[in-house]
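Chain by chain, the residues:
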Amino acid sequence: MHRRDWLKGAVAWGSAGLIGCSAERGVLALGVHPWPGYESLFLAEQFGWIPTAVQLRKGRRAGDSLAALAEGSLDGAAITLDEMMRARTEGLPLVAALVFNDSIGADAVLVRPEIREWSHLVGRRVAVEHSGTGELVLSKLLELSGLRRDELKVLDIPPDGQVRAWQEGRIDAAVTYEPVASRLTALGARRLLDSSAFPDLILDVLAVRRDRVAGRDEALRGLVASHFRALEHLRVSPDDALRRIAAWRGTTVEAVRRSFSGLELPGLERNHAYLSGAAPKLARTAAAVNRVLVAGGLVARGDDLKDLADGRWLPTEPVGDLR
């Protein structure tokens, strides 16, 4: 399970309808997969707010969307900023059109109870998904602790395998996220570090291919506006919104509520700060991500950070009462 495959409802969607499909003529095809920060798009779709010129292609994980972007069957996708930057370094002309959320605790390092200090990790087995955002979290762990990667026994175990690995005694620590974090905690794991220690680093964005959006400004503006309209519904009618999300994820309202606890959902004004103007805030965040990716050896070369953000599709006026 990838970081963004957060609930079992994901299995119902699969990726067969995402990769290998060609976008309908004139339709803006966008990849999206289950993750609390993206629920606004699913809400908007249920309410019929998604423009007819936009098609949401539902996959299981960000990897599905990234493969489809590279293959050319998607025009954009909801992914993390670091995923977008890694794709850019491989030649995909992606630009951020929207910031969905900032991880402020949703990503964490959980450890055995006897591990009380950084130094206790030396020689320990740490589970992390090599291809996912978990590597970014691991890099921050090494940076903050002063430990070297070769002082740990890093194992490529994605979150959906971590609970079993923990129960079988095969790991001492895990770089993970909800709902796996709660399951590990229930088994006695303690939180050593989470993304609240490095806010504004793990962002989820709507990344669109700059070479595929010409003539589609109206559709993209409508899609972005529908996101803010759904966020407003989540704010003013949380019980209704959470109940709907719980229904399509096959879980409880409380589980959905907890899933949002480690996320900050920026509104319109903050999105303009991230994406608009001569010095968009996202560029500063991306520069920090770049340093982590390069220092951690996660990319062969850094992103050039050119044309990284574009706020022209953001509404110029508040949607509803959202500011």
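Residues numbered from 1 in each chain as written. Predicted model: local features only at pLDDT ≥ 70, side-chain atom pairs only at ≥ 80, totals over all residues. Heavy atoms only, no water.

Inclusion rule: UniProt positions are given in the numbering used here, feature names are shortened, and annotations may be inferred rather than shown by experiment.
As annotated in an unreviewed UniProt entry, the protein chain is ABC transporter substrate-binding protein from Caldimonas aquatica. Database annotation for the protein chain, UniProt heading Subcellular location (unreviewed entry): "Periplasm". Here is the UniProt Sequence similarities (unreviewed entry) comment for the protein chain, exactly as written: "Belongs to the bacterial solute-binding protein SsuA/TauA family."

**Remarks on the overall build of the protein chain**
Heads up, the rule is: Secondary structure elements are taken from DSSP: a helix is a run of H or I of four residues or more, a strand is a run of E of two residues or more, and numbering for both begins at the N terminus. Summary of the burial criterion: residues with accessible area below 20% of their type's maximum are buried, those above 50% are exposed, and those between are partly exposed, where the area comes from a 1.4 Å probe applied to protein chains only. Any two residues having at least one pair of non-hydrogen atoms within 4.5 Å are treated as being in contact. In these tables, accessible area is a Shrake-Rupley quantity obtained with a 1.4 Å probe, and a residue counts as shielded only by the protein chains included in the view. For the charge count, each Lys or Arg is scored as positive and each Asp or Glu as negative, with His and the chain ends excluded. Throughout, a charge is located at the NZ atom of Lys, the CZ atom of Arg, the CG atom of Asp or the CD atom of Glu.
Across its full length, the protein chain carries 11 helices and 11 strands. Taking all 323 residues of the protein chain together, 55% fall into the buried category. Partitioning the contacts of the protein chain with sequence separation of at least 6, the portion at a separation of at least 24 is 81%. Of the roughly 13100 Å² that the protein chain leaves accessible, carbon and sulfur atoms contribute 49%. Considering the protein chain, the positive charge centre built from 43 side chains and the negative charge centre built from 42 side chains are found 2 Å apart.

**Examining the pattern of salt bridges**
The condition is simple: Salt bridges are defined by distance alone: a side-chain nitrogen of Lys or Arg within 4 Å of a carboxyl oxygen of Asp or Glu.
Tallied over the full model, the rule gives 27 salt bridges. With a shortest N-O distance of 3.2 Å, Asp75 and Arg216 are connected by a salt bridge. Residue Asp75 is located in the loop between helix 2 (62-71) and strand 3 (76-80), and its partner Arg216 is located in the loop between strand 10 (203-209) and helix 7 (217-236); the two are separated by 141 residues in the primary sequence. Here the two residues Asp75 and Arg216 agree in accessibility, since each one is buried. We note a salt bridge from Glu114 to Arg124, for which the minimum N-O separation is 3.5 Å. A residue pair is termed long-range when its members are at least 10 positions apart, and Glu114 in the loop between strand 5 (107-111) and strand 6 (125-128) and Arg124 in the loop between strand 5 and strand 6 qualify at 10 residues. Take Arg124: its relative accessible area is 22%, and that puts it in the partly exposed class. Among the charged side chains, a salt-bridge network with shared partners connects Glu114, Arg124, Arg125 and Asp172.

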